[in-house]
Amino acid sequence: MRAVVYEGFGRRPEVCEVPDPAPSPGGAVIRVEATGLCRSDWHGWMGHDPDIRLPHVPGHEFAGMVESVGADVVRRRPGDRVTAPFVCACGRCDACVAGDQQVCEQQTQPGFTHWGSFSGYVAIENADVNLVPLPEELSYVTAASLGCRFATAFRAVVAQGRAAPGEWVVVHGCGGVGLSAVMIAAAQGARVVAVDVSSEALALAESFGAEVCVDASAGDVVAAVRETTGGGAHVSVDALGSPVTCAASIEGLRRRGRHVQVGLLPAAAGRPAVPMERVIGWELEILGSHGMAAHAYVPMMDLIAAGTLRPDLLVTGTIGLTEAPAALMEMGDAPPTGVTVILPAATSRNLGG
């Protein structure tokens, strides 16, 4: 198969011919029809993830068709249209038994613990636990945005942040996960403030339901948030992942507010200074959010089927596999507005935005 491969961290990836994967006894091989280009892939390429072994194929957001399954798989068959969360769980550890597969103690992650989906095929472990069937009306391009950014934002806003109608929800960083959070929070009936340095990203956020947009390059973000929300956010999401956005998210909360950290904070970027005196004195909640378990997709998929959530609107363009190396390298300095999806067997086309 053809795949995007990098031989060293920070070195230019290349499109190469590599061996096709084979399924493990409990696993499956998926023919990749579409796969998202995510900032997490850039972090991996930069060497910020200790699980990656070289040479490596990135990619963790995908949708496609089951090509083959292992002898122990009973719920999935070749020909099934599927996606999967980026955290693939074992289904057996204490966390999984408790229903918390997103923090599985023995998790695997395509594109990190093993070769990923910037390729013709990707192997997934524990297929019966992790593969999510796709309805025929949901396109592969749309489904490819679900496995990381949209599902992560859904759990961050709904389950962890517990955003309620009428509450102020502030989203710091309006990339793929941030725009997803804006759309989901607005669908929950929350009043949404979007924060970013990009006017294009803020325009998209407004179209997805943000009531107020704050240009982070124009002044004091915390002051702007507190003034807009009448004293601070009920829920604040750091969807970018930087010491600056993390601190701003926490400091922009009202008393007993809830901060949800979604964006990765690699050590290379520096440790964020968390104002613990504020956390204690105002009884703030500091919450992490790490993807979403496959079994928890049903409510999200129901809202998508009903048209309440429109992840398809987040996809602003597609590219072919040959364009993926350059696009990956640009994610650090110039991430695309919205979500870019790679079509391993196709050429590029612009979808607007």
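Residues numbered from 1 in each chain as written. Predicted model: local features only at pLDDT ≥ 70, side-chain atom pairs only at ≥ 80, totals over all residues. Heavy atoms only, no water.

**Regarding the sheet that holds strand 8 (residues 168–172)**
Thought 1: Strand order across the open sheet formed by 6 strands is 10-9-8-11-12-13, with parallel pairing between neighbours. The strands lining the two open edges of the sheet, one partner per strand, are strand 10 (212–215) and strand 13 (285–288). Adjacent strand axes in the sheet meet at a mean angle of 20 degrees, parallel and antiparallel pairs treated alike.
Thought 2: Here 4 bridges tie strand 8 to strand 11 (residues 233–238), and the two strands are oriented parallel to one another. (Pairing = 2+ DSSP bridges. Helix = DSSP H or I, 4+ residues; strand = E, 2+ residues; numbered from the N terminus. Axes fitted to C-alpha atoms, helices over the stretch in contact; angles between N-to-C directions.)

**Digging into the state of the cysteines**
Thought 1: A full pass over the atoms with the stated rule returns 0 disulfides.
Thought 2: Here Cys174 is not cross-linked by a disulfide; its sulfur's nearest cysteine counterpart is in Cys213, at 7.1 Å.
Thought 3: Cys174 gets classed as buried once you look at its relative accessible area, which sits at 3%. (Disulfide = S-S within 2.5 Å. Buried < 20%, exposed > 50% of the residue type's maximum accessible area, 1.4 Å probe, protein only.)

**A look at the environment of Glu7**
Thought 1: Topologically, Glu7 is positioned in the loop between strand 1 (2–5) and strand 2 (14–17).
Thought 2: With 48 residues separating them in the primary sequence, Glu7 and Pro55 have C-alpha atoms 4.5 Å apart.
Thought 3: Ignoring anything within four residues of it in the chain, the contact list for Glu7 reads Leu54 and Pro55. (Contact = heavy atoms within 4.5 Å.)

**Examining the pattern of salt bridges**
Two side chains bearing opposite charge may form a pair once their charged atoms approach each other closely.
Thought 1: Counting across every chain of the model gives 9 salt bridges.
Thought 2: Measuring nitrogen to oxygen at the nearest pair gives 3.1 Å for the salt bridge that ties Glu283 to Arg256. Of the two residues, Glu283 sits in the loop between helix 10 (276–281) and strand 13 while Arg256 sits in strand 12 (residues 253–261), which places them 27 residues apart along the sequence.
Thought 3: Residue class for Glu283 comes out partly exposed when judged on its relative accessible area of 47%.
Thought 4: Between Asp312 and Arg310 there is a salt bridge, with the nearest N and O atoms lying 2.7 Å from each other. (Salt bridge = Lys/Arg side-chain N within 4 Å of Asp/Glu carboxyl O.)

**Looking at the side chain of Gln109**
Thought 1: Its place among the elements puts Gln109 in the loop between helix 2 (94–97) and strand 6 (121–124).
Thought 2: Once residues within four sequence positions are removed from consideration, Gln109 is found in contact with Phe86, Val87, His114 and His290.

**A word on the packing of helix 5 (residues 146–160) against helix 6 (residues 176–187)**
Thought 1: Look at helix 5 against helix 6: their axes get within 8 Å of each other, and the N-to-C directions meet at 45 degrees. Taken together, the axis directions place helix 5 and helix 6 in an arrangement best described as oblique. Of the two elements, helix 5 crosses helix 6, and the hand of that crossing is right-handed. Residue-level contacts link Arg149, Phe150, Thr152, Ala153, Phe154, Val157 and Val158 of helix 5 to Gly176, Val177, Ser180, Ala181, Met183, Ile184 and Ala185 of helix 6. (Parallel < 35°, antiparallel > 145°, perpendicular 65-115°, else oblique. Left-handed = near helix turned anticlockwise from the far one by under 90°.)

**Quick notes on helix 7 (residues 199–207)**
Thought 1: Residues of helix 7 that are buried include every one of Ala201, Leu202, Leu204 and Ala205, and no others. For helix 7, the angular spread of buried residues about the axis comes to 160 degrees, placing them on one side. Facing away from the buried side of helix 7 by over 90 degrees, the exposed positions are Ser199, Glu200, Glu206 and Ser207.
Thought 2: Among the structural elements, helix 6, strand 9 (191–196), strand 10 and strand 14 (315–320) are those in contact with the buried residues of helix 7.
Thought 3: At the C-terminal side of helix 7, Gly209 shows a positive phi close to 120 degrees. (Arc of directions from axis to C-beta.)

**Quick word on unusual backbone geometry**
Thought 1: The omega angle of the peptide bond from Leu54 to Pro55 is -10 degrees, so this bond is cis rather than trans.
Thought 2: Position of Pro55 relative to the elements: it lies in the loop between helix 1 (39–45) and strand 4 (62–69).
Thought 3: Backbone geometry at Arg256 places phi at a positive 65 degrees, although glycine is not the residue there.
Thought 4: Under the relative-accessibility criterion, Arg256 is labelled exposed at 58%.
Thought 5: In this structure, Glu283 is a non-glycine residue whose phi angle is positive, near 50 degrees.

**A word on the nonpolar core**
Thought 1: Counting residues in hydrophobic clusters, the biggest one holds 54 residues, and the most contacted among them are Phe150, Val182, Met300, Met301, Ile304 and Val341.
Thought 2: Contacts of Val182, omitting those with residues within four sequence positions, involve Val171, Val192, Ala194, Ala205, Phe208, Gly209 and Ala210.
Thought 3: In terms of nonpolar packing, the next biggest core, distinct from the first, is built from 20 residues, Leu37, Trp42, Trp45 and Ala324 among them. (Core = buried A, V, L, I, M, F, W, Y, C linked by side-chain atoms within 4.5 Å.)

**Remarks on the pairing of strand 15 (residues 339–343)**
Thought 1: Buried residues dominate strand 15, accounting for 5 of its 5 residues.
Thought 2: What you see with strand 15 is no split at all: Val339, Val341 and Leu343 on one side and Thr340 and Ile342 on the other are buried throughout.
Thought 3: Note: strand 3 (residues 28–37) against strand 15, 3 bridges, orientation antiparallel. Among the inter-strand pairings, Thr35 is bridged to a residue of strand 15, identified as Ile342.
Thought 4: Where strand 14 and strand 15 come together, 5 bridges link them in parallel fashion. Looking across to strand 15, one finds that Gly317 is bridged to Thr340.
Thought 5: Since strand 14 and strand 15 lie parallel, the crossover through helix 12 (residues 324–330) that links them has a hand, and here it is right-handed. (Right-handed = clockwise from strand over helix to strand, strands pointing away.)

**A closer look at the confidence of the model for the protein**
Thought 1: Chain-level statistics for the protein give a pLDDT mean of 94 and a share of 97% at 70 or above.
Thought 2: With pLDDT under 50 throughout, residues 347–353 is counted as low confidence; its partners more than four residues away or in other chains account for 15 contacts. (pLDDT = per-residue confidence, 0-100.)

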